[in-house]
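Inside the fold
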Amino acid sequence: MPKSRIRKKADYTPPPAKQATAIKLNSRAWVAPVMLAMFLIGLAWIVVFYVTDGSLPIDKLDNWNIVVGFGFIAAGFGVSTQWK
């Protein structure tokens, strides 16, 4: 019995490589320093308030100085959402 013809398969050619698209990165170098500064200012505000028995940073605010300190810390968390 005669052998059947063997068909030659086409050589594999890989698909063309995708060209890398340039990703435009926004400069967010300011985020980390501002975030840390807000955290430290808030912490320092609260510590100074407790260490001086309420006479500093602002005497007239009385216990609202704690709210101001936590406000700085909250602002630091708000700034941290901009970090990429």
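Everything quoted here is computed from the prediction, not taken from an experiment.

What follows concerns the UniProt feature "transmembrane region" (unreviewed entry) in the protein. According to UniProt, the feature "transmembrane region" (unreviewed entry) maps to residues 29-52 and 64-83 in the numbering used here. Taken end to end, residues 29-52 is 88% helix and 0% strand, and its first and last C-alpha atoms sit 35 Å apart. Within the segment residues 64-83, helix and strand shares are 85% and 0% respectively, and the terminal C-alpha atoms sit 30 Å apart.

Quick look at the packing of aromatic side chains now. Counted under the stated rule, the structure contains three aromatic pairs. The interplanar angle of 40° and the centroid separation of 5.8 Å between the aromatic rings of Trp-45 and Phe-72 together place this pair among those described as tilted. Of this pair, Trp-45 sits in helix H1 (residues 31-51) while Phe-72 sits in helix H2 (residues 64-80), placing them 27 residues apart in sequence. Phe-72 gets classed as partly exposed once you look at its relative accessible area, which sits at 26%. Ring plane angle 65° and centroid distance 5.6 Å describe the contact between Phe-49 and Tyr-50, whose orientation is recorded as edge-to-face. What makes Phe-49 buried here is its relative accessible area of 5%.

Cut-offs used in this document
Counting restarts for each chain, with residues numbered from 1 along the sequence as it is written. Per-residue local features of the predicted model are confined to residues with pLDDT of at least 70, and side-chain atom pairs are confined, for both listing and counting, to 80 or more; whole-chain, interface and lining totals are unaffected and use all residues. Derived side-chain values reflect all non-hydrogen atoms in the structure, with water molecules and hydrogen atoms excluded from consideration. UniProt positions are given in the numbering used here, feature names are shortened, and annotations may be inferred rather than shown by experiment. Every helix listed is a DSSP run of H or I at least four residues long, and every strand listed is a run of E at least two residues long, numbered separately from the N terminus. When two rings of Phe, Tyr or Trp (its six-membered ring) have centres within 6.5 Å they constitute a pair, described as stacked for plane angles under 30 degrees, edge-to-face for angles over 60, and tilted for the intermediate range. Under the scheme applied here, a residue whose accessible area is under 20% of the maximum for its type counts as buried, over 50% as exposed, and between as partly exposed, the area being computed with a 1.4 Å probe on protein chains only.

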